[in-house]
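Residue-level listing of the chains:
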Amino acid sequence: MVEQGDAAPLLRWAEGPAVSLPQAPEPQAGGWGRGGGGGARPAAEPPRRREPEEPAAPEVLLQPGRLELGDVEEDQVVAVFVVTFDPRSGNMVEWCLPQDIDLEGVEFKSMASGSHKIQSDFIYFRKGPFFGLACFANMPVESELERGARMKSVGILSPSYTLLYRYMHFLENQVRHQLETPGHYSHLAAFYEDKKGVLHAGPGRGSSLPPVYWLPSIHRYMYPEMKITHPAGCMSQFIKFFGEQILILWKFALLRKRILIFSPPPVGVVCYRVYCCCCLANVSLPGIGGTIPESKPFFYVNVADIESLEVEVSYVACTTEKIFEEKRELYDVYVDNQNVKTHHDHLQPLLKINSADREKYRRLNEQRQMLLYSQEVEEDYNPCEEDLFVLFFLEQNNRIFQTLLEVSASQDKTLTAEHARGMGLDPQGDRSFLLDLLEAYGIDVMLVIDNPCCP
């Protein structure tokens, strides 16, 4: 158990058997893809422990579906579409391939509410079993029929959001092409023929064989990596935007609460905040999370998603529609800009920043500064900030659950204030969080930390 005050090393990889993993595949240059992903660097390969025994079999991260280890990674696009705003009919799917695919609701998912106020945007979203990426653009035109503005989105659907970033540049170019020369779909048709996946026949639902992703070992414990194309970097912007409140979001994410983030357009950067929230709750210890629901990244949602959200017990999503704030039955935590709030009384104590939270935030920023320094002085040591961010919370989560499992296996099963401090928590300020955590994960221990005395 890590004692209070022990600073986590800059990059300490999770303990476990050594594995031999190939490098994550480099983005394809040229062709339909962006190539380098707009300046995003591939995740660093973690240091490996050298052992005399044969290395364990490499692990793979698979999206829903089945592929054997011998299969080669390939891009799978199950649909490509153009959405337009018609002044008389509203949002509508103008063109798509394949023509018989169910795209109901995509016309609203790929053109966020309020988009008429901005010039361009990109949107990640979910549609049934698929993930989508659409690029939106708004061009002024001298046309009374179009009321002075032409708005379109060009997007794709895939079984995973892992590789969607590769097509950002292509979609941006294509939406501009559709605005300037409407009705010409030859490039999109050729793209679909080149990248299309094989759909299985089924009533009202399509699925596709997904690619195999070879990832550095850190990514075995997180959601499939989404390369960041935001010019300033996803994680650093997330930390800068929320500050100490990322520790509040961390607790809600670890408790698998339904988190809804509201923001006016543009929504692209807010989709990245959804991804960052999901990265807060990774745990690599075996036996943890088997009875708790998976925290699902829904990315952008609108009123058309209300019915599907009603049955979800855990998710992270974002929206541009203020009406969601009134529908409290759909969420546990509502994030309005930088204001994190909940309507549940028993979750109110988790909104307060305590001394342990401030210490974790200080250590996180200290490690970020050390990373920047190491990148300047050591050319061959170049881990990215995304890895540091994920590892920081992965280690914190592992420390908490390792302690809880040790206490639950002890004879008296008593969790004390000393245990709480050893986990990096505030015995008093995090008492409510610990109680919720024990209940959510079904861990059998007795908490003997007293409530603070009232004056």
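Presented here is an overview of the structure given in this document. (Residues numbered from 1 in each chain as written. Predicted model: local features only at pLDDT ≥ 70, side-chain atom pairs only at ≥ 80, totals over all residues. Heavy atoms only, no water.)

Right, let's talk about the overall build of the chain for a bit. Within the chain, the regular secondary structure consists of 11 helices and 14 strands. The proportion of buried residues among the 455 residues of the chain is 54%. When the accessible surface of the chain is summed, it comes to about 21100 Å², and 51% of that surface belongs to carbon and sulfur atoms. (Helix = DSSP H or I, 4+ residues; strand = E, 2+ residues; numbered from the N terminus. Buried < 20%, exposed > 50% of the residue type's maximum accessible area, 1.4 Å probe, protein only. Areas by Shrake-Rupley, 256 points an atom, 1.4 Å probe, with all protein chains shown as cover.)

Our focus in this paragraph is the environment of V283. Relative to the assigned elements, V283 resides in the loop between α6 (268–279) and β9 (296–300). If near-sequence neighbours (up to four positions away) are discounted, V283 is found in contact with L254, I288, L394, N397, N398 and F401. (Contact = heavy atoms within 4.5 Å.)

Next up on the list: the state of the cysteines. Here the structure, examined in full by the defined rule, presents 0 disulfides. Its sulfur unpaired, C277 is 7.0 Å from the next cysteine sulfur, which belongs to C278. Left unpaired, C279 is separated from the closest cysteine sulfur, that of C276, by 6.1 Å. The class of C279 is buried, set by a relative accessible area of 1%. (Disulfide = S-S within 2.5 Å.)

Take the packing of helix α2 (residues 168–180) against helix α3 (residues 186–195) next. Their axes nearest at 10 Å, the elements α2 and α3 cross at an angle of 150°. If you check the angle between α2 and α3, you find them roughly antiparallel. Two secondary-structure elements touch here, α2 through F170, Q174 and Q178 and α3 through H187, L188 and F191. The class makeup of the residues in the contact of α2 with α3 is 3 nonpolar, 3 polar and no charged. (Axes fitted to C-alpha atoms, helices over the stretch in contact; angles between N-to-C directions. Parallel < 35°, antiparallel > 145°, perpendicular 65-115°, else oblique. Nonpolar A, V, L, I, M, F, W, Y, C, P; charged D, E, K, R; others polar.)

For the rest of this paragraph, the subject is the packing of aromatic side chains. Between two aromatic rings, the relevant description is the distance of the centres plus the angle of the planes. This model, assessed by the stated rule, comprises 21 aromatic pairs. A ring pair is formed by F389 and F393, whose centres lie 5.3 Å apart and whose planes are at 55°; its orientation type is tilted. Of the two residues, F389 and F393 both sit in helix α9 (residues 385–408), 4 residues apart, roughly one turn of that helix. Taking the relative accessible area as the measure of exposure, F393 reaches 1% and is therefore buried. (Phe/Tyr/Trp six-rings, centres within 6.5 Å; stacked < 30°, edge-to-face > 60°.)

On to helix α4 (residues 234–242). Most of α4 is tucked away, with 7 of its 9 residues classed as buried. The set of residues buried in α4 consists of C234, M235, S236, F238, I239, F241 and F242. If you follow the buried residues of α4, they end up packed against α5 (246–254), α6, β11 (333–336), α8 (355–377) and α9. Note on α4: the residue one or two positions beyond its end, G243, has a positive phi of about 60°.

Our focus in this paragraph is the packing of α8 against α9. With their axes 10 Å apart at the nearest point, α8 and α9 run at an angle of 145° to one another. Read as a crossing pair, α8 and α9 show a hand that is right-handed. From α8, K360, R363, L364, Q367, R368 and L371 reach across to α9, where they touch E385, L388, F392, F393, Q396 and R399. (Left-handed = near helix turned anticlockwise from the far one by under 90°.)

For a regular strand, side chains alternate in direction, first toward one face of the sheet and then toward the other. For strand β10 (residues 315–319), the tally of buried residues reaches 5 of 5 residues, placing the bulk of the element in the interior. Residues Y315, A317 and T319 point to one face of β10 and V316 and C318 to the other, with burial holding for every one of them. Across 5 bridges, strand β8 (residues 258–262) lies against β10 in parallel orientation. Bridging from a neighbouring strand, R258 pairs with Y315 of β10. When β9 meets β10, the two strands line up parallel, connected through 4 bridges. Across the sheet, the residue bridging to K296 is Y315, located in β10. (Pairing = 2+ DSSP bridges.)

Here we take up the nonpolar core. What tends to happen in soluble globular proteins is that the nonpolar side chains get buried as a cluster. Of all hydrophobic cores here, the largest spans 113 residues; its most connected members are Y124 and L404. If you look at the next biggest cluster of nonpolar residues, it comprises 12 residues, including F262, Y315, A317 and L330. (Core = buried A, V, L, I, M, F, W, Y, C linked by side-chain atoms within 4.5 Å.)

Side chains three or four residues apart in an α-helix point the same way, a direct result of the helix having 3.6 residues per turn. In terms of residue burial, helix α11 (residues 431–441) counts as a mostly covered element, since 8 of its 11 residues are buried. What α11 keeps buried is the set R431, S432, F433, L434, D436, L437, L438 and Y441. Here the buried face of α11 lies against α5, α9, β13 (414–415), α10 (417–422) and β14 (446–447). Positive backbone phi, approximately 65°, marks G442, located one or two places after α11.

A few words on the side chain of E312. Structurally, E312 can be placed in the loop between α7 (306–309) and β10. Residue classification places E312 among the buried positions, given a relative accessible area of 16%. Those residues in contact with E312 that sit more than four places away from it in its chain are R258, K296 and F298.

With that settled, the discussion passes to the side chain of R273. Here R273 is to be found in helix α6. With no salt bridge to any partner, buried R273 finds its closest opposite charge in D336, at an N-O distance of 9.1 Å. What R273 contacts, discounting residues up to four positions off in sequence, is F238, F241, F242, I261 and S263. (Lys, Arg positive; Asp, Glu negative; His and termini not counted. Salt bridge = Lys/Arg side-chain N within 4 Å of Asp/Glu carboxyl O.)

In this section: the pattern of salt bridges. Scanning the entire structure with this criterion turns up 15 salt bridges. With a closest N to O distance of 3.7 Å, R88 and D86 form a salt bridge. On the basis of relative accessible area, R88 is assigned to the exposed category, the value being 65%. Residue class for D86 comes out buried when judged on its relative accessible area of 16%. Of the charged contacts in the structure, one is a salt bridge between R362 and E359, with a shortest N-O distance of 2.7 Å. One end of the pair, R362, and the other, E359, are both in helix α8, 3 residues apart, so they sit about a helical turn from each other. Overlapping salt bridges bring together K251, D357, K360 and D430 as one network.

Structurally, P349 can be placed in the loop between β12 (339–342) and α8. Remark: the alpha-carbon pair of P349 and F433, spanning 84 residues in sequence, is separated by 7.9 Å.

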